[in-house]
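# Coordinate analysis (summary)
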Amino acid sequence: MITLTSVFPDQNNIPEKFRLSGPVEQSEYLINGEIREWKGDFQDVYSPVYLENEYPKPHYIGRYPLMDKDESLKALDAAVKAYDYGRGEWPSMTVEQRIGCIKDFILLMEEQRNEIVKLLMWEIGKNLKDSEKEFDRTVDYILDTIESLKNLDRDSSRFKIDQNIIGQIRRAPFGVVLCMGPFNYPLNETFTTLIPALIMGNTIIFKPPKLGVLLHKPLLRAFKEAFPKGVVNTVYGEGQTVIAPLMESGKIDVLAFIGSSKVADILKKQHPKPHRLKCVLGLEAKNPAIILHDADIDAAVSECITGALSFNGQRCTALKIIFVHEEIIGPFLEKFSAEVEKLKVGMPWEEGVNITPLPEPNKSEYLADLIKDAVSHGAKVINPGGGIFNKSCFFPAILFQVNDKMRIYREEQFGPVIPVVCYKDIKEPLDYIINSNYGQQASIFGNDADQIAELIDTLVNQVSRINLNSQCQRGPDSFPFTGRKDSAEGTLSVSDALRVFSIRALFAAKENEVNKRIVREIIKDDKSNFLTTDFIL
Ligand code: G3H
C-alpha cells in the first residue's frame with residue numbers, strides 16, 4: 001500500500017555529503033565586473049524537501065536579493081557599455097580569444113560541480129543522478145559549442161568572388177541579450193542560450209528562474225574572473241520590478257526566454273522596438289504518445305513511464321497525454337499501472353528514487369484539482385495510490401478515460417498526472433494534435449512501416465520532432481530543438497544556437513586594383529578581426 005505519511009527525512013538521517021553546510025545567504029550579485037553586496041530586501045528560499053523535525057514548516061535554505069528597478073538598470077547600462085555598439089572589448093575580440101575566456105570559465109565552473117549538484121537537489125528536488133547529468137551535460141554542451149564555433153569560423157575564413165564582387169561573410173553579434181531560463185533545468189537550459197549568445201560576442205544580462213536561483217551563486221566569481229567587465233551581469237527579483245524596465249528601455253536586442261507563453265507575450269509587448277527585438281523562446285508543450293494497435297506493449301509502457309514521469313513529469317518534452325488503441329487498452333493500462341506502482345518515492349539523494357518533491361508552491365493542490373475536474377467529468381484514477389500527496393510529494397496518477405471536457409485534456413500539467421485516451425480511429429489523436437495550440441513533439445509506438453510512414457508524413461507538418469517507439473526528448477544536443485505554434489520561437493542545438501544569437505554580416509568590394517590592394521594590406525598586416533583569413537587550428 002502506498003503511503004506518503006513519513007516520506008520526509010529527519011535532518012539526522014540525511015547522509016552527511018548531501019547536507020547543506022547551512023543556508024545560502026546570498027547578498028552578492030554581479031554588475032560591471034564587480035561582485036556587489038545587496039542591502040535591500042531579500043527573497044527567502046524554502047526547499048521542496050521538508051524535514052520531519054520541522055514539519056509542517058518548509059525547510060529554509062537561503063535567500064537572494066530582491067533587486068529594484070535602479071539596480072536592474074545598472075546591469076543594463078553595464079551590458080550596453082560593454083557592448084559599446086559592437087566596439088567593446090568583448091565583441092571586438094577574435095573568436096579564438098573569446099573561446100579562451102569560455103575555456104577559463106569551464107575550469108572555474110567544474111570546481112563548483114558538487115555544490116551546484118547539491119543545490120539542484122535541495123532547490124528543485126531533482127534526483128542526484130539527474131542533477132549530476134544536468135551539470136555534466138551542460139559542460140559537454142559548452143565544449144561542443146566551442147568546437148561548433150571553430151567550424152563556423154573556419155568556413156567563414158575564405159573570400160568568395162561572384163559577379164566581380166569580392167565578399168567575406170561572417171556572423172556578428174546582435175548586442176545585449178537578456179537570458180532567462182526555466183526552473184526545471186535551471187542550469188542547463190539557461191546555459192544553452194547564455195553560452196552561445198556570449199561566445200558570439202553579445203553581452204549578457206542573466207536572470208535566474210524563480211526556483212533554482214541559489215545554485216547559480218557559486219558561478220558568480222567564475223563569470224567575474226573569466227570575462228571582461230560588464231560582459232555578464234546578473235539580476236534577481238520580481239519580473240515586474242527588474243525585467244519590465246529592461247524591456248521598456250528598448251535596449252535589449254535579444255530575449256532568450258524559456259518558460260510560459262503568457263510571460264513571453266508580456267515581455268515582448270513591453271519592448272518599444274519590436275523589430276529590433278529578436279526572440280528565442282522555449283514555451284509550453286503537450287506532447288502526445290500514440291500507441292498503435294500492434295505496438296510492443298512492454299516497450300511502450302517502459303518509454304511512457306520515463307517519458308511521462310522523469311523528473312516527476314516536469315520537462316517541457318514530457319509525454320503529457322497518451323492515446324491508446326482500443327484493441328490493446330486493457331493490457332496497456334494493466335501493465336502501465338503495475339509499473340507506476342513500483343516507482344520509488346523519496347528524497348533526491350536516495351538510491352533508485354523516481355518520484356521526488358515538487359518545487360512549485362501548491363503544485364500538489366493544483367494537480368489534485370486537475371484530477372478532481374477530470375473525475376467530475378467521468379474519468380477514474382486507475383492506479384493504486386494515484387494522486388495521494390503529502391505537501392510537495394505527489395504519487396503519480398493515471399487518469400482514464402480522458403475526454404475534451406476535462407482541463408487535463410488540453411492544459412499542460414507539468415507534473416505527475418498522466419491522462420490516457422482510448423481511441424478507435426487514428427483520426428482522433430491526429431485531430432487532437434491538429435487542434436492543439438502546441439506543436440513540439442510526438443511519439444508513435446507501433447510496428448507497421450506503412451502506417452508509421454503515413455503518420456510521419458502527417459505529423460511532420462504538425463510538430464517538430466516525431467519519435468518512433470521512444471519517448472519525446474530534447475537530446476542529443478546536436479539535433480534541432482524547436483516547436484511549432486505556441487511551443488517555441490527559434491531553433492536551438494549546439495550549432496543552431498550560434499546562428500540565432502548572431503546575424504550574417506559581410507564585407508563586399510568591387511574586384512578592382514585599388515580594392516584588391518586595400519584588402520591585401522588589411523589581411524597581410526592583420527589589421528581587422530572581421531576581414532581576415534586566419535584559420536583556427
Ligand atoms: O524541459 C525541457 C527540456 O529541454 C527537456 O530536455 O528532453 O533532455 O529532458 P530533455
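Further up the page is the structure itself.
As the structure is a prediction and not an experimental result, all values here were calculated from the model. (Residues numbered from 1 in each chain as written. Predicted model: local features only at pLDDT ≥ 70, side-chain atom pairs only at ≥ 80, totals over all residues. Heavy atoms only, no water.)

## Concerning the pattern of salt bridges
Applied cut-off: What counts as a salt bridge is simple: a side-chain nitrogen of Lys or Arg found within 4 Å of a carboxyl oxygen of Asp or Glu. Only DSSP runs of H or I covering at least 4 residues are called helices, and only runs of E covering at least 2 are called strands; the numbering of each starts at the N terminus. Whether a residue is buried, partly exposed or exposed follows from its accessible area with a 1.4 Å probe, protein chains only, as a fraction of its type maximum: under 20%, in between, or over 50%, in that order.
Enumeration over the complete set of coordinates arrives at 28 salt bridges. Close ionic contact of D136 with R113 constitutes a salt bridge, the shortest N to O distance being 2.9 Å. Taken together, the residues span a long stretch of sequence, with D136 in helix α5 (residues 128-155) and R113 in helix α4 (residues 113-124) at a distance of 23 residues. Residue D136 is classed as partly exposed on the basis of its relative accessible area, which comes to 31%. With a shortest N-O distance of 2.9 Å, K335 and D298 are connected by a salt bridge. With a gap of 37 residues between them, K335 in helix α11 (residues 329-341) and D298 in helix α10 (residues 297-309) connect regions that are remote in the sequence. Residue D298 is classed as partly exposed on the basis of its relative accessible area, which comes to 47%. Taken together, the salt bridges that share partners define one network made up of E34, R36, E71 and K74.

## A closer look at the sheet that holds strand β11 (residues 254-258)
Just so we agree on the cut-off: A pair of strands is considered paired only if DSSP assigns at least 2 bridges between the two. Any two residues whose heavy atoms approach within 4.5 Å at even a single point are treated as in contact. A fitted line through C-alpha atoms represents every axis, and for helices the fit uses only the stretch in contact; the resulting angles, taken between N-to-C directions, go from 0 to 180 degrees.
Taken in spatial order, the six strands make up an open sheet running β10-β9-β8-β11-β12-β24, and their pairing is mixed. Among the strands making up the open sheet, the edge pair consists of β10 (232-234) and β24 (488-489). Pairing analysis gives two bridges linking strand β12 (residues 278-282) to β24, with the strands arranged antiparallel. Across the sheet, the residue bridging to L281 is E489, located in β24. Along the sheet, helix α6 (residues 188-199) contacts β8 (176-180), β9 (203-207), β10 and β11; its crossing angle with β9, the most-contacted strand, is approximately 165°.

## Quick notes on the site of the ligand
Applicable threshold: Definition of nearness: a residue and a molecule or strand are near each other if at least one heavy atom of the residue lies within 4 Å of the molecule or strand. Polar contacts, as counted here, are pairs of nitrogen or oxygen atoms within 3.5 Å of one another; within protein the pair requires one atom able to donate a hydrogen and one able to accept it, and residues that are adjacent in sequence qualify only if both atoms are side-chain atoms. A 1.4 Å probe and the Shrake-Rupley method give the accessible areas. Residues count as covered only by the protein chains that appear here.
What surrounds the ligand is the set R137, N184, Y185, E189, R315, C316, T317, Q473, R474 and F481. Note that an oxygen atom of the ligand is positioned 2.7 Å from one of the side-chain N or O atoms of T317. Relative to its unbound accessible surface of 300 Å², the ligand loses 95% to contact with the protein.

## Details of the environment of F400
Its location among the elements puts F400 in strand β18 (residues 397-400). Excluding residues that lie within four positions of it along the chain, F400 makes contacts with I329, L333, A379, K380, I382, V420 and C422.

## Concerning the pairing of strand β22 (residues 465-468)
Applicable threshold: The definition of a right-handed crossover adopted here requires that, viewed with the strands pointing away, the path from the first strand over the helix to the second runs clockwise.
Side chains of β22 alternate between two faces, with R465 and N467 buried and I466 and L468 left unburied. Here strand β21 (residues 441-445) pairs with β22 via four bridges, running parallel. Bridge pairing in β22 links A442 to I466. Assessed by its sense of winding, the connection that carries the chain from β21 through helix α15 (residues 449-459) to β22 is right-handed.

## Side note on the sheet that holds strand β4 (residues 42-47)
Sheet architecture is open: three strands sit in the order β1-β5-β4, paired in mixed fashion. Looking at which strands have only one partner, the edges of the open sheet turn out to be β1 (24-25) and β4. Relative to strand β5 (residues 59-65), β1 is paired through two bridges, and the arrangement is parallel. If you follow V24 over to β5, its bridge partner there is G62.

## Considering the packing of aromatic side chains
How we decide: Here is the rule: rings of Phe, Tyr and Trp (six-membered ring for Trp) pair when centre to centre is within 6.5 Å. Planes less than 30 degrees apart are stacked, more than 60 are edge-to-face, and the remainder are tilted. For a lysine, the NZ atom is tested; for an arginine, the CZ atom; a charge sits over a ring if that atom is within 6 Å of the ring centre and within 35 degrees of the ring normal.
Using the criterion set out here, one finds 20 aromatic pairs in the structure. With a centroid separation of 6.1 Å and 50° between ring planes, the pair formed by F191 and F223 is classed as tilted. With F191 in helix α6 and F223 in helix α7 (residues 220-226), the pair connects residues that are 32 residues apart, well separated along the chain. Neither F191 nor F223 differs from the other in exposure class; each is buried. When the ring of Y409 is compared with that of Y432, the centres are 4.9 Å apart and the planes differ by 80°; the resulting orientation is edge-to-face. Here the residue Y409 occupies a position in helix α13 (residues 407-410), and Y432 occupies one in helix α14 (residues 427-435), the gap between them amounting to 23 residues. For Y409, a relative accessible area of 11% puts it in the buried group. Look at Y432 and you get buried, because its relative accessible area is 2%. An aromatic cluster is defined as three or more aromatic residues linked by ring pairs; in this entry it consists of W90, F105, F191, F206, F223 and F227. Geometry around W90 places R98 over its ring, the cationic atom sitting 6.0 Å from the centre. A cation over an aromatic ring shows up here: K391 above the ring of Y55, its NZ or CZ 6.0 Å from the ring centre.

## Side note on a positive patch on the surface
Rules: Patch definition: residues with relative accessible area over 30% and no salt bridge; like charges joined within 9 Å; nonpolar side chains (Val, Leu, Ile, Met, Phe, Trp, Tyr) joined within 5 Å. Just so you know, the count uses Lys and Arg for positive and Asp and Glu for negative, and it drops His and the chain ends. For this purpose, a charge sits on NZ of Lys, CZ of Arg, CG of Asp or CD of Glu.
On the surface, R158, K160, R499 and R504 cluster together to form a positively charged patch. Tracing the backbone through its elements, the reader meets K160 in strand β6 (residues 160-162).

## Let's talk about helix α8 (residues 239-248)
By the burial criterion, the buried members of α8 are V242, I243, A244, P245, L246 and M247. Among the structural elements, α1 (69-83), β8, β9, β11 and α9 (261-270) are those in contact with the buried residues of α8. Immediately downstream of α8, the backbone of G250 shows phi near 75°, a positive value.

## Remarks on the side chain of T145
If you trace the backbone, T145 turns up in helix α5. Judged by relative accessible area, T145 falls into the buried class, the value being 0%. Polar contacts involving the side chain of T145 include one to the main-chain carbonyl oxygen of Y141, which spans 2.7 Å. In this structure, T145 is in contact with I195, P196, I199, V494 and L498, ignoring residues within four places of it in sequence.

## Considerations on the layout of surface pockets
In this approach a probe as big as a water molecule rolls over the atoms, and the regions it shows empty are the leftover space. Quick note on the threshold: Note on definitions: the grid is 1 Å and covers protein atoms alone; a cavity is a set of points where a 1.4 Å probe fits but cannot get out; a pocket is an open set with protein on both sides within 12 Å along at least five of seven lines; lining residues have an atom within 4 Å of a point. Grid points are joined across faces, edges and corners, and a volume is the space filled by probe spheres set on the points. Following the grouping adopted for this structure description, the nonpolar residues are Ala, Val, Leu, Ile, Met, Phe, Trp, Tyr, Cys and Pro, the charged ones are Asp, Glu, Lys and Arg, and the polar ones are all others, Gly among them.
In this structure, the second largest pocket encloses a volume near 850 Å³. Taken together, 35 residues line the second largest pocket, and the ones lying closest to its centre are N127, K129, D130, K133 and S310. Broken down by element, the lining of the second largest pocket gets its largest block of residues, seven residues, from α5. When grouped by side-chain class, the residues that make up the lining of the second largest pocket number 13 nonpolar, 10 polar and 12 charged.

## Focus on unusual backbone geometry
For residues other than glycine, phi is negative in most cases, and the peptide bonds are mostly trans. That bond from Y55 to P56 is cis: its omega, 5°, falls within 30 degrees of zero. For P56, the location among the structural elements is in the loop between β4 and β5. Here the amide bond leading from G475 into P476 is cis, since omega sits at -5°, within 30 degrees of zero. Assignment of secondary structure puts P476 in the loop between β22 and β23 (484-485). Despite not being glycine, Y85 has its phi angle at roughly 55°, a positive value. Along the polypeptide, Y85 turns up in the loop between α1 and α2 (89-92). Positive phi outside glycine occurs at K485, with the angle close to 45°. Turning to its location among the elements, K485 is positioned in strand β23.

Limitation: the analysis is restricted to geometry and does not speak to function.
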